[in-house]
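Residue-level structure breakdown
Given next are the chains, with one letter for each unit.
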Amino acid sequence: MNTRVLTGITTSGTPHLGNYVGAIRPAIQASQQRNVDAFFFLADYHALIKSEDPALIARSRLEIAATWLASGLDPQRVTFYRQSDVPEIPELCWMLTCVTAKGLMNRAHAYKASVDQNTAKGVEADDGINMGLFSYPILMAADILMFNAHKVPVGRDQTQHLEMARDIAQRFNHLFGQGRDFFVLPEAMISEDVATLPGLDGRKMSKSYGNTVPLFEGGAKALNSAIAKILTDSRGHGESKDADASHLYLIYKAFAQPAESANFHAELLAGLGWGDAKSVCATESNKRWARYVHTTKT
Ligand code: TRP
């Protein structure tokens, strides 16, 4: 039997370079392997937890769908779908909800972090927390178990959700499997790149920090202005740069070919000025951007 690889992206924002490097690219690479059946979806029910703005969710859904396709997803090979087009997912979610201990959800990091923030603010523990946020890991378990996925490419922050999906599957199998494994126990596939891709200010690239490099939004202009904002040290032209510690190099390396990265690395060591280095980065990324736009038009 083929290995089933499944992943989803919550449609609550505009995809950026961090999403591409950490989630989209490795998932597409996995889908191109032989003996793999891939299931990639737009997690629009998950988006309702974070946003009450229908227009934003609709827009994000299209942007994320376009990004998957522009990044090389082959719809002939991959089962590519919108979560809300599969009513069996929320149906399964309810059945799983009824075999999940409330105590398991009390331990979920996302919920606990919200409670901690409320406590720090001195308001009631559950202030502003909806049941969607509280039982979010059960919906994610339903997404995964629905298709009996073996491997789930996700960021490190999702590890606990995968453990919960396994717990829930085991409980269901025990209660209703009549001696056989009704659901496959899924495994997380963690991409190490996610943790290491810095944003413009050096912290992890994340929409919530406002330090992202946009993939398509705003076109070449937005791309250039993001690159101009990448934080560098004060070493001047002609001084050797610590390439491995520079955010500019790490960001460049995330999308360039290995030979191009090696070249850029050597030039930085040899004293390439930051301004020139940013122009190289901008020229290369604009070329790629133009190629994407071209590919998606034909
Ligand atoms: N929770 C994931 C995230 O925020 C998105 C997601 C929803 C997902 N359902 C999933 C990922 C199922 C993998 C499998 O990144």
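Counting restarts for each chain, with residues numbered from 1 along the sequence as it is written. With the structure being a predicted model, the display of local features is reserved for residues of pLDDT at least 70 and the display and counting of side-chain atom pairs for 80 or more, all residues being used for whole-chain, interface and lining totals. Where side-chain values are given, they derive from all heavy atoms of the structure, hydrogens and water being excluded.

Some thoughts on the site of the ligand
What counts here: Put simply, a residue is near a molecule or strand once any heavy atom of it comes within 4 Å of that molecule or strand. N or O atoms closer than or at 3.5 Å make up a polar contact, with two conditions inside protein: a donor-capable atom paired with an acceptor-capable one, and, for residues adjacent in sequence, both atoms drawn from side chains. Under the convention used here, a 1.4 Å probe and the Shrake-Rupley method define accessible areas, while residue burial counts only the protein chains that appear. By definition, any uninterrupted DSSP run of H or I lasting at least four residues is a helix, any uninterrupted run of E lasting at least two residues is a strand, and each is numbered from the N terminus. Basically, the charged four are Asp, Glu, Lys and Arg, the nonpolar ten are Ala, Val, Leu, Ile, Met, Phe, Trp, Tyr, Cys and Pro, and anything else, Gly included, counts as polar.
Taken together, 14 residues sit near the ligand, with His46, Tyr136, Met140, Asp143 and Gln158 positioned nearest. Between the ligand and glutamine 158 there is a distance of 3.1 Å, counted from a nitrogen atom to a side-chain nitrogen or oxygen. In isolation the ligand has 370 Å² of accessible area, and contact with the protein removes 89% of it. Secondary structure elements with two or more residues in the shell around the ligand: β1 (3-10), β2 (36-43), α7 (131-146) and β4 (151-154). Its residues placed into classes, the shell around the ligand shows eight nonpolar, five polar and one charged.

Points about the nonpolar core
Keep this limit in mind: Take the buried residues of types Ala, Val, Leu, Ile, Met, Phe, Trp, Tyr and Cys, join any two whose side-chain atoms come within 4.5 Å, and each joined set is a nonpolar core. The buried label applies to any residue whose accessible area, calculated with a 1.4 Å probe on protein chains only, is under 20% of its type's maximum; exposed applies above 50%, and partly exposed to all values in between. An automatic or database domain assignment supplies the residue ranges for each domain. Residue contacts are counted whenever heavy atoms from the two residues lie within 4.5 Å of one another.
Among the nonpolar cores identified, the biggest contains 42 residues, and Leu17, Phe40, Trp68, Leu248, Phe264 and Leu268 are the most heavily contacted of them. Elements supplying a minimum of two residues to this core: β1, α1 (17-31), β2, α3 (54-70), α10 (219-229), α11 (247-255), α12 (258-269) and α13 (274-297). In terms of residue count, the dominant contributor to this core is α1 (seven residues). Built from parts of two domains, this core gets at least three residues from each of domain 1 (3-194) and domain 2 (219-297). Not counting the four nearest positions on each side in its chain, leucine 268 is found in contact with Glu239, Ser240, Lys241, Ala243, Ser246, Tyr249, Trp274 and Ala277. Of all hydrophobic cores here, the second largest spans 39 residues; its members include Leu133, Phe134, Leu145 and Phe147.

Here we look at the pairing of β1
Formally: Two strands pair if DSSP finds at least two bridges between them. Every crossover in which the path from the first strand over the helix to the second runs clockwise, viewed with the strands pointing away from the viewer, is termed right-handed.
Sheet topology note: the β1/β2 ladder contains eight bridges and is parallel. Bridge pairing links leucine 6 to phenylalanine 39 in β2. As a crossover connection, the stretch from β1 through α1 into β2 is right-handed.

Considering the packing of aromatic side chains
Condition: Aromatic contacts are taken between Phe, Tyr and Trp rings whose centres are within 6.5 Å, Trp giving its six-membered ring; a plane angle under 30 degrees counts as stacked, one over 60 as edge-to-face, and the others as tilted.
Throughout the structure, instances matching the rule amount to 13 aromatic pairs. Note on phenylalanine 40 and tryptophan 68: the rings are 4.8 Å apart at their centroids and 15 degrees apart in plane angle, and the pair reads as stacked. Highlighted residues: phenylalanine 40 in strand β2 and tryptophan 68 in helix α3, separated in sequence by 28 residues. Side by side, phenylalanine 40 and tryptophan 68 carry an identical accessibility label, which is buried. Relative to phenylalanine 147, the ring of tyrosine 81 lies with its centre 5.3 Å away and its plane at 50 degrees, an arrangement referred to as tilted. Here tyrosine 81, found in strand β3 (residues 79-82), pairs with phenylalanine 147, found in the loop between α7 and β4; they are 66 residues apart in sequence, far enough to count as distant. Grouping residues by exposure puts tyrosine 81 and phenylalanine 147 together as buried.

Let's talk about unusual backbone geometry
The backbone of asparagine 35 shows a phi angle near 65 degrees, a positive value even though the residue is not glycine. Summarising the element assignment, asparagine 35 is placed in the loop between α1 and β2. Its identity as a non-glycine residue notwithstanding, glutamine 178 has a phi of 45 degrees, on the positive side. Relative to the helices and strands, glutamine 178 is located in the loop between α8 (159-176) and β5 (187-190). For glutamine 178, a relative accessible area of 78% puts it in the exposed group.

Comments concerning α12
Here is the rule: One less than the number of residues in a helix, times 1.5 Å, gives the span that helix is expected to have. Summarising the geometry, the arc corresponds to the directions from the helix axis toward the C-beta atoms.
Over its twelve residues, α12 extends 17 Å from the first C-alpha to the last, a length consistent with the 16 Å expected when each residue adds 1.5 Å. Buried within α12 we find Ser261, Phe264, His265 and Leu268. Projected onto a plane normal to the axis of α12, the buried residues spread over an arc of 105 degrees and lie on a single side. Directly after α12, the chain includes glycine 271, whose backbone phi takes a positive value near 110 degrees.

Notes on the domain arrangement of the chain
The condition that has to hold: Throughout, the accessible surface (probe 1.4 Å) given up by two parts as they are put together, summed over both, is called the buried area. Each salt bridge in this description consists of a side-chain nitrogen of Lys or Arg and a carboxyl oxygen of Asp or Glu lying within 4 Å of one another.
Splitting the chain by domain gives domain 1 (3-194) and domain 2 (219-297). The interface of domain 1 with domain 2 comprises six residues on the first partner and five residues on the second. Carbon and sulfur atoms supply 65% of the area buried between domain 1 and domain 2, which totals about 450 Å² over both sides. Of all residues in domain 1, the largest losses of buried area upon contact with domain 2 belong to Leu17, Arg25 and Ala70, amounting jointly to 72% of the total for that side. Our count for the domain 1 to domain 2 interface comes out at zero salt bridges. Taken together, the connections running from domain 1 to domain 2 amount to one residue pair in polar contact (both at pLDDT 80 or more).

Description of the environment of isoleucine 89
Its location among the elements puts isoleucine 89 in helix α4 (residues 88-97). The sequence separation of isoleucine 89 and alanine 55 amounts to 34 residues, and the corresponding C-alpha distance is 23 Å. Setting aside chain neighbours within four positions, we find isoleucine 89 in contact with Tyr81, Gln83, Leu139, Ala142, Asp143, Met146 and Phe147.

Quick word on the pairing of β4
Every regular strand shows the same layout, with side chains that alternate between the two sheet faces. Judged from the four bridges that link them, β4 and β5 form a sheet pairing that is parallel. Bridge pairing in β5 places proline 153 opposite methionine 189. You can see the chain leave β4, run along α8 and come back into β5, and the turn it takes is right-handed.

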